[in-house]
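Survey of secondary and tertiary structure
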Amino acid sequence: MELNIEFSQEIFENKRRQAEDFRPLATEIRRDIIKSLVLAKSGHSGGPLGIADVMAVLYFGAYMKYNPKNPKWEERDRFVLSAGHLCPVLYSVLARAGYFPIDELKTLRKYGSRLQGHPGIDMNLPGLEVSTGSLGQGISIAVGMAMSDKLVDKNNRKVFCLTGDGELQEGSCWEAAMAAANFKLDNLCWIVDNNDCQIDGRVRDVMSIYPLDKKFEAFNFDVINIDAHNYNEIIAALDKFIDNHKNKINKPTAIIAKSFMGKGVSFMEDDYNWHGIPPNPEQALKALEELSNT
Ligand SMILES: Cc1ncc(C[n+]2csc(CCOP(=O)(O)OP(=O)(O)O)c2C)c(N)n1
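The structure contained in this document is the topic of the report that follows. (Residues numbered from 1 in each chain as written. Predicted model: local features only at pLDDT ≥ 70, side-chain atom pairs only at ≥ 80, totals over all residues. Heavy atoms only, no water.)

**Concerning the site of the ligand**
The test is simple: We call a residue near a molecule or strand as soon as one heavy atom of that residue lies within 4 Å of the molecule or strand. Contacts described as polar in this section are N or O atom pairs within 3.5 Å, which, within protein, must combine one atom able to donate a hydrogen with one able to accept it, while residues neighboring in sequence count only if both atoms come from side chains.
Around the ligand, the structure places 16 residues, and the nearest of them are H85, G133, D165, N195 and H275. A distance of 2.7 Å separates a nitrogen atom of the ligand from a polar backbone atom of G133. Residue D165 places a side-chain N or O atom 2.7 Å away from an oxygen atom belonging to the ligand.

**Description of the packing of aromatic side chains**
Just so we agree on the cut-off: Between rings of Phe, Tyr and Trp, where Trp is taken as its six-membered ring, a pair exists when centres lie within 6.5 Å; planes separated by under 30 degrees are stacked, by over 60 edge-to-face, and by other angles tilted. A run of DSSP states H or I qualifies as a helix once it reaches four residues; a run of E qualifies as a strand once it reaches two. Both are numbered from the N-terminal end. Each residue is assigned to one of three classes by its accessible area relative to the maximum for its type, calculated with a 1.4 Å probe on protein chains only: buried under 20%, partly exposed between the two thresholds, exposed over 50%. Charge over a ring is defined by NZ of Lys or CZ of Arg lying within 6 Å of the ring centre and within 35 degrees of the ring normal.
For the coordinates displayed, the defined rule picks out 13 aromatic pairs. For the pair W190 and F216, a centre-to-centre distance of 4.9 Å together with 80° between the ring planes defines the contact as edge-to-face. Residue W190 is located in strand β3 (residues 188-194), and its partner F216 is located in helix α8 (residues 212-218); the two are separated by 26 residues in the primary sequence. Across this residue pair, the class does not change: W190 and F216 are buried. Each residue in the set F12, Y59, F60, Y66, F79 and Y99 is aromatic and connected to the rest through ring pairs, giving one cluster. Across the ring face of F7, the terminal group of K35 is positioned such that the distance to the ring centre comes to 5.5 Å. It is K258 that lies over the ring of F260; its NZ or CZ is 4.9 Å from the centre.

**Things to note about the pairing of strand β1 (residues 78-81)**
To be explicit about the condition: Should DSSP find at least two bridges between two strands, the strands are regarded as paired.
Along β1, one buried face is formed by R78 and V80 and the opposite face, lined by F79 and L81, is buried too. Bridging between β1 and strand β2 (residues 159-164) involves 4 bridges; their strand directions are parallel. Bridged to V80 within β2 is C161.

**Section: the environment of D193**
Selection criterion: Contacts are assigned to residue pairs with any non-hydrogen atoms lying within 4.5 Å of each other.
Its location among the elements puts D193 in strand β3. Residue D193 is classed as buried on the basis of its relative accessible area of 2%. In sequence terms D193 and I255 are 62 residues apart; their C-alpha atoms lie 8.9 Å from each other. Those residues in contact with D193 that lie beyond four places of it in its chain are G47, I51, L86, L162, T163, G164, D165, A257 and S259. Side chain to side chain, D193 and S259 meet in a polar contact 2.5 Å long.

Just distances and angles here, no functional claims.
What follows is the structure in structure tokens.
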């Protein structure tokens, strides 16, 4: 088999789905990630692959209100990718949602592309809310968004934010947690990509952030632990957040998503060496073969 880096042109609807209906979507997202990274010849493989299931449910399970035809729609919910280096997965879901042409995924990290190695709003990419990449900043911005929605504008919008777990070694994350709880931000859903991997080791070995659930509970979050590759658990967690928001529980929600870096590609799974490198063409071919069988 030869390496085929053409992208399928399928747009995904944002609607309620049965758990297993997310699997083909997540597989296509993983294929996008591999294809864009092999073309870019640089970038992060492991994290984006690991969080693809959660992103598929979040963007295509009717949890977020958004309109690709009107990206700045005032009633939209907002997503902040605090772990900006995971952007290949964000670019894939935004393209699949219809924000920009899917073939633009071929330009990842290229000079002049709107799809830079860390998301930048100066590139004017539709669907992108904020520049991120400096770890610990995105969650602080997300808390600010949720504060302005709940306390100033008093609207019904929601803010979703994804951080890494290594990212939580940044002290500003814990200031953000304290503020989110203090201001009773029940419109904030904080998802942690808990893969216990960071640039050069296990999070627990480099500088442990565990036990995560107890820490978030102590800050007064509603904490939900899930398997990040079990669609039923992802759905239940996001449903719970939607209820928390509707019922105005006066607490933010933290979803601690136990994931595996590189999930879906056997030779990348649970290996932190895949944190920040792309597949070479041979590895990409093997990865795409494996992903066509899922
Ligand atoms: C403030 C800051 N310091 C350092 C970096 C470099 N950096 C990028 S990703 C990363 C590791 C993050 O680990 P984690 O959040 O667990 O992400 P994962 O390895 O799971 O992709 C580091 C240190 C950065 N982007 N920002």
